[in-house]
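Analysis of the macromolecular model
The chain contents come next:
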Amino acid sequence: MGQFARSGERATILRCAQDNRSICPWETKEIGVRKESHVNRKIAAAVLVILSVCLAVPQAWAQTKSAGAEGHAWWQDAVFYEVYPRSFADSDNNGIGDLRGITSKLDYLKELGVNAIWITPCFPSPQVDFGYDVSDYEAIDPMYGTLADFDKLVAEAKKRGIRVILDFVVNHTSDQHKWFINSKSSRTAEKRDWYIWRDGKGPGQPPNNWLSTFGTAAWTLDPKTNQYYYHYFYPQQPDLNWRNPAVEKAMLDVTRFWYKRGVAGFRLDAVDTLYEDPNLTDDPEVEGTDRFGRPSLDEKYNKKLPEVHDAMRKLRSVADEYGAVLIGETWTTDVSELKDYYGAKNDELQMPMDLLMTGFQGLHADEYRKHLAAVNAAGHWPTYVITNHDIVRSYTRYGDGKHNDDIAKMMAAFYMTLRGSVIMYYGEEIGMENNDPKRREDVQDPEGKIGWPKEIGRDGERTPMQWTDGVNAGFSKAKPWLPVPESAKTHNVSSEMKDPNSMLSFYRQLLAMRHTEAALRDGEYISLNDSDAKVLTYLRKYKDEAILVVVNMSASEQKARIDLSAAGIAAPKLSVMLTSFHEAPRTSGRELTMEPYSAFIAKVGK
Ligand code: TEU
């Protein structure tokens, strides 16, 4: 596997993101002025001296510490970017995105500061679940292009220092996959045992009470062979039988096929449903109903079985042969369960996604602080995610309708300055919002058709990338498969490129910082002001470099106490690197005024 030089990716030192209008009275020194390439604005750096009065120099770095991390693997320093290929860029103007479209946007991604793209399934598929129903793991769906287009994409990406990650749907295939067609053909078919076939409990009765997460039964009767097959997702997505060694071997071979083509790793889909209890024990009913209004089940017999970890280890051992990375779609109930996915001997997933923050209700600094403390105490390299193709976009989820852009910038500054890798979702960087269907007949995602109106499906977070303020947001000349929202007029790449205060400019600066600042890449996470319920304050410290991050998660102005004495810094001089403020930063004594929903990032000098 070819390695990319890292040095070139870290060329720009970004000293300060405040433009000239926001230079403030407390500035003591102007460090430099330069032009940013396409945002074309002057950037002036400022030094903020926080007054210290009668402070003793403390002895040690205090509070929530994590080990400093040096000797990183490439993926630890990388910014990952999820591309939903149907919606990214449409090169052949049929309303659906494709691989050539992605290739045509690689320069944009490189400029943004992306180091790896994860492409959601682009393999041949009947598209019942928009690619997550794979009918051939070793080819490209003609809708997206050819294997040659894929090879070209990998080669062009490599030229730009961008790696390609594919999405491996490990739990199930499409019912149109040749394996399932064979399996279904008779009870004695060669591949009968590649899937989970069972007799019903009695006439018209499925083998047990398990449910599909997409709102249907989990068992479908095949009238020809008079047995039921199991599917945790849609009936068109039969579960593979991972207890069959032939299945395991075939699946491991799929990963080899792609590693040999230059793929840098996989995002493993739906790993927690790989195994089921062979005795098919009924799941116990628990209180409440699910999102389809059915009685809730404790899915202890068809989810998160311990055997999942055996499969992860096997996938990892093949990945290690190729120096590849495995990212897991790891929906966990807590940090301890997440920790298990790294493997007791660090021999499972390098990057199990921390999806826990996507479930937080509202913005509460103390909840985030507690979570970060638990994650850092767990001792592994975290992978943070705030949005993806299955959940309401972060812009909409966190937005209050009044400060949406501010909140989106604040959340970006927050999660991009944590110790760990980040996985962005396309359009996040321009403030794309959900565009949910308003009528059942407009819904494309079967889950939304089944669950309407309670469960409206995932179309809203999968709409076309907004490249321009023109027709179809510049995504395609044809009517896109999903509608573009009105907000594309203001939130699009082309307009935001020209605006130094746009979301895109803000993201570009954040990503540049992640690449240039050792403290952000390698530094410990040190939590400060632990009793502040509204403002998160932390340091990232590496050797004698430190960066201070202050994040106001509330709708009101807050005073943040800037006291780094607990971290051994009595009289810090802060060089402002980036803020999301509308006005110049204000301090008084040891307090920094934080605008509602804002972030402040500064380099700490002694
Ligand atoms: O999602 C798995 C998963 O956990 C889903 O149940 C998720 O909670 C659901 O989408 C919420 O509505 C993965 C993919 O990310 C998803 O797009 C696929 O539909 C699913 O697997 C089946 O392959």
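The shown structure was predicted, so the numbers you read here are calculated from the model rather than taken from an experiment. (Residues numbered from 1 in each chain as written. Predicted model: local features only at pLDDT ≥ 70, side-chain atom pairs only at ≥ 80, totals over all residues. Heavy atoms only, no water.)

1. Thoughts on the packing of aromatic side chains
One pass over the structure, following the stated rule, counts 32 aromatic pairs. A ring pair is formed by Tyr-84 and Trp-481, whose centres lie 6.4 Å apart and whose planes are at 20°; its orientation type is stacked. Of the two residues, Tyr-84 is situated in the loop between strand S3 (79–83) and helix H2 (99–104) and Trp-481 in the loop between helix H12 (446–451) and helix H13 (493–498); the sequence distance between them amounts to 397 residues. Of the residues examined, Tyr-84 reaches a relative accessible area of 1% and is grouped as buried. For Trp-481, a relative accessible area of 9% gives the class buried. On the numbers, 4.8 Å between centres and 80° between planes, the contact of Phe-180 with Tyr-195 is edge-to-face. With Phe-180 in helix H5 (residues 178–185) and Tyr-195 in the loop between H5 and strand S6 (197–198), the pair connects residues that are 15 residues apart, well separated along the chain. Of the two residues, Phe-180 and Tyr-195, both sit in the buried class. An aromatic cluster is present here, built from Tyr-137, Phe-168, Trp-179, Trp-194, Tyr-259, Phe-266 and Tyr-322 joined pairwise through their rings. (Phe/Tyr/Trp six-rings, centres within 6.5 Å; stacked < 30°, edge-to-face > 60°. Helix = DSSP H or I, 4+ residues; strand = E, 2+ residues; numbered from the N terminus. Buried < 20%, exposed > 50% of the residue type's maximum accessible area, 1.4 Å probe, protein only.)

2. What about the sheet that holds strand S19 (residues 558–561)?
What the 3 strands build is an open sheet, ordered S19-S22-S21; its pairing is antiparallel. The two strands at the open ends of the sheet, each matched to only one other strand, are S19 and strand S21 (586–588). Each strand of the sheet is rotated relative to its neighbour by a mean of 35°, with strand direction disregarded. (Pairing = 2+ DSSP bridges. Axes fitted to C-alpha atoms, helices over the stretch in contact; angles between N-to-C directions.)

3. Focus: helix H9 (residues 365–378)
Residues that lie three or four places apart on an α-helix share one face, since the helix turns once every 3.6 residues. The terminal C-alpha atoms of H9 lie 20 Å apart, and with 14 residues this matches the ideal 20 Å at 1.5 Å per residue to within 8%. Those residues of H9 not exposed but buried are Ala-365, Tyr-368, Arg-369, His-371, Leu-372, Val-375, Asn-376 and Ala-378. In the core, the buried residues of H9 are packed alongside helix H8 (335–340), strand S14 (383–385), helix H10 (394–398), helix H11 (404–416), strand S16 (524–528) and strand S17 (535–542). Remark: Gly-379 follows H9 within two positions and exhibits a positive phi of approximately 85°. (Expected span 1.5 Å × (residues − 1). Contact = heavy atoms within 4.5 Å.)

4. Digging into the site of the ligand
Neighbouring the ligand are 17 residues; Asp-129, Asp-269, His-389, Asp-390 and Arg-458 lie closest to it. A distance of 3.0 Å is found between an oxygen atom of the ligand and a side-chain nitrogen or oxygen belonging to His-172. Within the side chain of Asp-269, an N or O atom sits 2.9 Å from an oxygen atom of the ligand. Computed on the free molecule, the ligand has an accessible area of 490 Å², of which 88% lies beneath the protein chains in the complex. A per-class count over the shell around the ligand returns 4 nonpolar, 4 polar and 9 charged. (Near = heavy atom within 4 Å. Polar contact = N/O pair within 3.5 Å; in protein donor to acceptor, adjacent residues only side chain to side chain. Areas by Shrake-Rupley, 256 points an atom, 1.4 Å probe, with all protein chains shown as cover. Nonpolar A, V, L, I, M, F, W, Y, C, P; charged D, E, K, R; others polar.)

5. Some remarks on the environment of Tyr-538
Within the secondary structure, Tyr-538 is located in strand S17. Measuring from C-alpha to C-alpha, the distance between Tyr-538 and Glu-524 comes to 9.9 Å, with 14 residues separating the pair along the chain. Among the polar contacts listed, one links the side chain of Tyr-538 to the backbone oxygen of Phe-414, at a separation of 3.1 Å.

6. Let's talk about the packing of H11 against helix H14 (residues 503–516)
Two measures define how a pair of helices packs: the angle their axes make with one another and the distance between the axes. At a minimum axis separation of 10 Å, H11 and H14 run at an interaxial angle of 10°. Taken together, the axis directions place H11 and H14 in an arrangement best described as roughly parallel. Facing H11, whose interface residues are Asp-405, Ala-408, Lys-409, Ala-412, Ala-413, Tyr-415 and Met-416, H14 presents Met-503, Phe-506, Tyr-507, Leu-510, Leu-511 and Arg-514. (Parallel < 35°, antiparallel > 145°, perpendicular 65-115°, else oblique.)

7. A look at the pairing of strand S8 (residues 227–230)
Burial of the side chains of S8 extends over both faces: Gln-227 and Tyr-229 are buried on one face and Tyr-228 and Tyr-230 on the other. Note: S6 against S8, 2 bridges, orientation antiparallel. Within S8, the residue paired with Arg-198 across the bridge is Tyr-228. Sheet topology note: the strand S7 (residues 219–222)/S8 ladder contains 4 bridges and is antiparallel. Bridging across to S8, Trp-219 finds its partner in Tyr-230. Following S7, the chain reverses through 4 residues before pairing antiparallel with S8; Asn-226 in that reversal takes a positive phi of roughly 55°.

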